[in-house]
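# Examination of the molecular architecture
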Amino acid sequence: SDGRSSRSAARHRQNITGGELAGLVAVLRLIEQLVAQDESIRLATYENQQWMPVGTFFGLMGCPVPTRLKAQILKTLTAFAKTPSIASTLWLSLESAQVLQTITQPSHNHPNDGRASGGIEIELEEIEASEEEYPETRAFLGFMLTLAENSPIPEALGAGYRASGFAPYLQFVRDSVFLNFDTRSYRRPNEKWEVCCGALEILHRILADHQPTSSDFVHGAGLSGHQHGGGNLDVATSPGHTVLLHMLNESLLLSKVLNVIFDCAMELGDVTGMSSVPSHLASVEQAGLLALRMIECALAKQEAFNQLLREHGGMQSGILVTPLDQLLLTVNSRTAQPDYFLHIAKFLSMPHCRPELALAAVKILGWSVQSPSVHSKLVAILTSSENDAQAILLGFVERLEADESEIYQGEIEQDPNTPSQIRSAIRKYILHMLLLALPCHAPNLSHFLLGFELLKPVSQTKLQDPGVGGSPRTCLHAILSLLECRSAAPSSSLAGLPLTCTASPHLAGLCYRLLYELCAAAATSLVTLRYLRSSHDFLGKQLMLTPPTELVEASGSETLSDEDRQLQLDLMEQQTWLLRITALDLRLTAQQQQFSHTQHLVSILFASASSWDGLGSSSVTPAEGALDKRLLRVLDCIDFRQENVEPFQLQHFNTALVEEELSKRTSRTDDRLCIGSFELYDVRAIHLMLMQELNGAQTASAAGQRQFILEEIDSVLVAIVQRNVSRRHLAGRLAFFDAWRQVVEVALIACPIDMLPGSQRVALLFEVIQDLLLKVLSPDINADLVSAILPVVMTVMAQLRQSFAASRNASQASASGRDGGFAAAGVGLPAGPLHSVLVSVCEAISQCSSTQRRHRAYLYGALLYYLQLCADAATHDSNNSQNSGAGPSAQERAFGLAQPSISTVLTSSNLETLASYGDSVMDIVCRDACEGHHVGRMLALALLDAVIAVDWHHHWLQFLVRHGYLRHLIDSLVQEDTTLQSALRPSPEPLRGLYIYESKMALLTRLAQSTNGAQALLQLGLLGKLSECRYLDTRPDVNASNGYHQATADMSEMEQDESHFVPSVLERYRQLILPTLKLVVSVLTSAGRQNRDVSGQVSHFVFSHINVFTAILEDRPQHLTLSALHELMLVTAVVSHIGSAPTVMVVGAGLPVQLQHQHAQLKKLMLGLLPRYCQPHAWPKLVKAVGECDVGLEQSNGTGLSDLVPSTDSAASNGGQASTGSSTASLDEQATIWLQQICANTMTFCRHSITNPSAIKRTPLESTIFRPDISESALREVRPQYSTDASSMTPAPPLAALVRQVKLSADAAQRAADEMKSFQTRFKNLHTMSSEECQQLLSDHVDWTKLSTLQRQQSVRQCLTRLIQHKTQQVDLLLCILNS
């Protein structure tokens, strides 16, 4: 019986006297000290067969000896357990000795009683509890903790006698010890917390070592646990899984852990005014720390746990859990308030306590703020009391301002173990928590700690310095004080940098990142940037110290230590976020027209780094001609070289299999650098995998070479760590370069163009692009960095083109009407730098491998901008000569005495440079134009277009023909016919095929504009291929809904799609047919009208698509759009070149009846255009109608007029200030030109129909174009006809209409010529124009008051150039009409 056993044990304990007990305890303590201090003594004592200490000690544990002796025995066994090999055997000895009764022995009276009949559990309840002292229990807990720390818990523990596993021991620790520790009496009050600490240490160790796996959810219920309300939790055999499951439910375990935290907060909160906690509360402090760590571990593991639970059926598995962060919102039974988070946060405001408490508390808050449902209530809990809110805010600020330096601990992250490291870690985790909370819905925890408004919208906050208007000191003030520029030690090379940047570099990087996130968030951006500008001039002072000297010196060094490399990386991170903040501030101030601050930052960025007197300088200007620009020095800090990764040299492992397994064990992280997501090897997972392979090897050779294999595993781990270091550094360099790119692009694009003088801006761009191209051509450059550099090269080249245009316009505007050439304007094309840029780009293209298509695409874009820059210069020279009347005389041109312009010389030099590379560059570009990625194809086609435009010797054309590339382009029109037809579906596939088609047709059109190109295209059967294309016949039926564009609703159905980004079906069709018509017109123009073969092929093309031509010609929309007018103009141009087709298509024989009917129909439709489009007095009304319709279409569809009108010279050079004002005028001018072109085409067709020899064979009625009637009354009968039926058209118009047209056209030509001369005179005397004249000249849509003087001059000059060109075109077209 249990009672008799207890009385027998009591009688036996009386046999040991007090002296004997003291002697035994003393001997055991001596053994404990010896064994604990020296491992060799430990092993020798354990292995001694005569002593057999472990067996003896466990035997004594089963004897009825005093608990004090048993406690010392357990402590001595704990000393033996410090060796892992001994600890693994002690698990089995512990189970065999049944110190804790794990095998049930049901009695006769209670056969179903599952309680043990003896062991430490009985002694705890009956002996220690009655004596109110618990030495054995505390020693047993310490023994189990040491075993768990030095040897994994055996999964087969107790197998064969009971359900294997740790469950009985866990149940004892959790239920018998921890859950009841505060219900027992204690003679020494502090012992209660010591027992609590012992139990929590084991539970925390089990939980910390546990990693949720799928196997945890496969086992059935194996353990009965306690749950709030008396229910059971089904758990697996894994002890960590069991503990985690209890932590994710409203269990007694979680309730007790939270009570420990509350009691600890209350006990420690009462101790104030002391530097440290009294010794009698040390155990309370330790218990609170362990409880906080339990919460922290559970929060860290719950996401993985929930993910696995969802994968294994969720509720169907019988396991129900609640997120722990939500359980922390439950009501505290002690206070009847949901204040667990409040008491956790209070640990940060207890400076007298151990810093580990604050670290655990801030980690818990960091995990909790990531839950939106919890975070929305967290701020209300922490600010429920004003006093508590102020104390918590003050605690966070004091923790941030703790003066602790970081200590480099190597590449593998380690837990802080010294007070200094812990306080440094607290500061980092506070910043991590602020970063995690900042994106949450306002008001959030970051807003509270950083001093933003909580009761009003965050954007209405007015940040003030501490004490101003009662403002408290917040974490934002603490961060700015950490980043305050100050002098370092006199011997330091980093004098002037904030001390935090070097003493705690990673912390400083987090501070800069938090400032960036504040500046980037919509709610806090304006408030934060305003405060930084007004109170601290933060960016100005920081940029003055950029780049750090240490960073510049370390960028090219190869002998840096690991600690120096880490410092370099941290400094790079700091500069990354600083530059990103600068880019945001520049963009915002430029947008808000705060030009003084913008100018201040631009001056710092583009000034010489050595031109500063000190931190007090606030008004500076860029050093003219200084090559040592600050922004370029920042670029020099980046090491673009490739870091070589040494391959593994393995003898015991398969190298290929190891590499394959390593690739599977990577994770994306941004915890270290906080600069973006990048992949790192999981060192712990790889180490575990390699050790499992080693332990799984059962061969004798593996056992004999175990030490060598362990050394090889260490070498693999060291190599993996180095690979992670390389990846971190590469990510840091990429992020640093990206931040530099943002500053450069914002400063050059978003900021006003007059922030930098024109010559200095161009010189700076040349320096940047040459520096970047030199880095690209470096033989040891990293490929990832090349991918980052090339887009910047293309962007800078685009800016170089615009800067040349802007500088040219500005210089010409200031030249006071003198000669408008480059030399006279003071802005010359620097042939030397431009030539070096071209050589570098061509060299980079030739060096790209066949797989680097993306790299070549960016290089094509850069080269395309370069050629456009040269083309702009040539166009500008031509316009200046035309506008001002200057230029070589006829005699000079006749005798070759005219001096070539700079642009002409540069173009010749460009062609020679391209030719110097032979066929290599041509072959690369042509191959990319025919195959590869769609973006690369379009850029390659555009590049070919630009090169062929200036290739006077036709070398590139000959190469295209000789190598079959041109035939491939022509044949692809038919091959891609199905793809182009699918682009006209209501819901099309991606439109990349349509855009490639447009680029291809633009190239073919460029070729067709020369005689040689047109002949090559005709010889390769271009028009025949176009005749076979069916996509041209898929024109939408625009007359299906009661007339085309008869109402705005009908127009919206035809002209816009559900998504404004995707063009409508009709717009997409015009994107197909307009390039085709332009190509045919170009071929006809270059080949000559007298070429009967060409006319025959064009006639075949027209009659192959006769339905399309007739549909366009018979279309009489009442609401005419510019795109429809353009389409009609091109159709009439093609049809007018056919003339009288029968003499071309058939020689000596009549046409088939069908072709005769089709030709007659074309003629009727062409003549039907005369009443509507060939009356000069009706043109203004048509132009007005086109303008009104297109403006309405722009407002409803979101498309700009610039999409419909070709751009003029240097339209973007003034930053878009006057683009809106000129768009409407350009639309009207373009509509006028196309109306006149339609009229000229129609009259040309009529002349050909009359003068063609075949006309004499027709009847007079068939050959009549104008009936012989010149009376005034006949003119009143001429009205536009809108019938779509060609057969129903009215008879031929009277001859009086032709007479009136000739008269009106002559008058219009004379007016246009006079206006052109007037505009040319104004252009010559631009400097004498008054401001009223300039304002009248510009459109009413331009806000004259918002333009600077330079912008006004540029706008007037561009307007005059456009008007001169327009009037010149008008004169030419009107003369053509008169000649017809």
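What you see is a predicted model, and the numbers here were worked out from it, not measured in a lab. Per chain, the residues get numbers from 1 upward, laid out in the order the sequence is written. Local features in a predicted model are, by the rule used here, given only for residues with pLDDT of at least 70; side-chain atom pairs are given and counted only at 80 or more, and totals for whole chains, interfaces and linings are based on all residues. Hydrogens and water molecules were not included; the side-chain quantities draw on all heavy atoms of the structure.

### A look at the pattern of salt bridges
The term salt bridge refers to a pairing of a side-chain nitrogen on Lys or Arg with a carboxyl oxygen on Asp or Glu at a separation within 4 Å. Within this structure, the stated rule accounts for 42 salt bridges. The partner of Arg 853 in a salt bridge is Asp 928, with the nearest N and O atoms 3.1 Å apart. Placement of the pair is Arg 853 in helix H38 (residues 853–884) and Asp 928 in helix H41 (residues 919–930), with a sequence separation of 75 residues. Using a relative accessible area of 6% as the deciding quantity, one classes Asp 928 as buried. Runs of E in the DSSP output that reach at least two residues are strands. Runs of H or I that reach at least four are helices, and both are numbered from the N terminus. Buried residues are those whose accessible area, probed at 1.4 Å on protein chains only, stays under 20% of the maximum for their type, while exposed residues exceed 50% and partly exposed ones sit between those limits.

### Here's the deal with the nonpolar core
In this text, buried Ala, Val, Leu, Ile, Met, Phe, Trp, Tyr and Cys residues form a nonpolar core when linked through side-chain atoms within 4.5 Å. In terms of nonpolar packing, the biggest core is built from 347 residues, with Phe 178, Ile 295 and Trp 740 touching the most fellow members. Among the elements that take part in this core, helix H13 (residues 282–311) stands out by supplying 14 residues, more than any other. By size, the runner-up hydrophobic cluster in this structure holds 19 residues, among which are Phe 653, Leu 662, Leu 690 and Leu 717.

### With respect to the packing of aromatic side chains
Here the aromatic set is Phe, Tyr and Trp, taking the six-membered ring for Trp, and pairing holds for ring centres within 6.5 Å; pairs whose planes are under 30 degrees apart are stacked, those over 60 apart are edge-to-face, and all others are tilted. Scanning the model with the defined rule gives 16 aromatic pairs in all. With a centroid separation of 4.8 Å and an interplanar angle of 50°, the aromatic rings of Tyr 134 and Tyr 186 are classed as tilted. Here Tyr 186 lies in the loop between helix H9 (167–178) and helix H10 (189–209) and Tyr 134 lies in the loop between helix H7 (120–131) and helix H8 (135–150), a separation of 52 residues in the sequence. A single burial state applies to Tyr 134 and to Tyr 186, both of which are buried. Judged by centre distance (5.8 Å) and plane angle (75°), the rings of Phe 140 and Phe 172 are edge-to-face. Here Phe 172 lies in helix H9 and Phe 140 lies in helix H8, a separation of 32 residues in the sequence. Pair check on accessibility: Phe 140 and Phe 172 agree, each one buried. In textbook terms, an aromatic cluster arises when at least three aromatic residues are bridged by ring pairs, as seen for Trp 91, Phe 166 and Tyr 169.

### What to know about a nonpolar patch on the surface
Patch building starts from residues that exceed 30% relative accessible area and form no salt bridge, then joins like charges within 9 Å and nonpolar side chains (Val, Leu, Ile, Met, Phe, Trp, Tyr) within 5 Å. Per-residue accessibility takes into account occlusion by the displayed protein chains alone, with areas from the Shrake-Rupley method and a 1.4 Å probe. A cluster of nonpolar residues, Leu 30, Leu 34 and Ile 41, forms a patch on the protein surface that exposes about 260 Å² of accessible area. Relative to the helices and strands, Ile 41 is located in helix H3 (residues 39–47).

### Observations concerning the confidence of the model for the chain
Predictor confidence is given residue by residue as pLDDT, running from a minimum of 0 to a maximum of 100. Per-residue pLDDT for the chain has a mean of 80; in total, 79% of the residues score no lower than 70. This stretch, residues 107–116, has a pLDDT under 50; its non-local contacts, to residues over four places away or in other chains, come to seven contacts. Contacts are assigned to residue pairs that have any heavy atoms within 4.5 Å of one another. Residue range residues 220–236 is modelled with pLDDT below 50. Its contacts to residues more than four positions away, or to other chains, number 44 contacts.

### Some thoughts on the environment of Glu 398
Relative to the assigned elements, Glu 398 resides in helix H18 (residues 386–400). Judged by its relative accessible area of 40%, Glu 398 is partly exposed. Taking the C-alpha atoms as reference, Glu 398 lies 9.6 Å from Arg 427; in sequence the two are 29 residues apart.

### A few points about helix H28 (residues 595–605)
Most of H28 is tucked away, with eight of its eleven residues classed as buried. On its buried side, H28 packs onto helix H24 (525–536), helix H25 (538–544), helix H27 (562–591), helix H29 (630–636) and helix H33 (706–750).

### Remarks on the side chain of Ser 999
Residue position: Ser 999 is located in helix H46 (residues 992–1008). Relative accessible area serves as the criterion here: at 18%, Ser 999 is assigned to the buried category. Excluding anything up to four places from it in sequence, Ser 999 contacts Met 938 and Leu 941.

### Regarding the packing of H7 against H8
Lines fitted to the C-alpha atoms define the axes, with helices restricted to the stretch that makes contact. Angles between their N-to-C directions range from 0 to 180 degrees. Between H7 and H8, the least distance of the axes is 9 Å, while the angle of their chain directions is 150°. Looking at the two axes, H7 sits roughly antiparallel to H8. Contacts between H7 and H8 pair Ile 120, Glu 123, Leu 124 and Glu 128 from the former with Pro 135, Glu 136, Thr 137 and Phe 140 from the latter. Roughly parallel covers angles under 35 degrees, roughly antiparallel covers those over 145, roughly perpendicular covers 65 to 115, and oblique covers all other angles.

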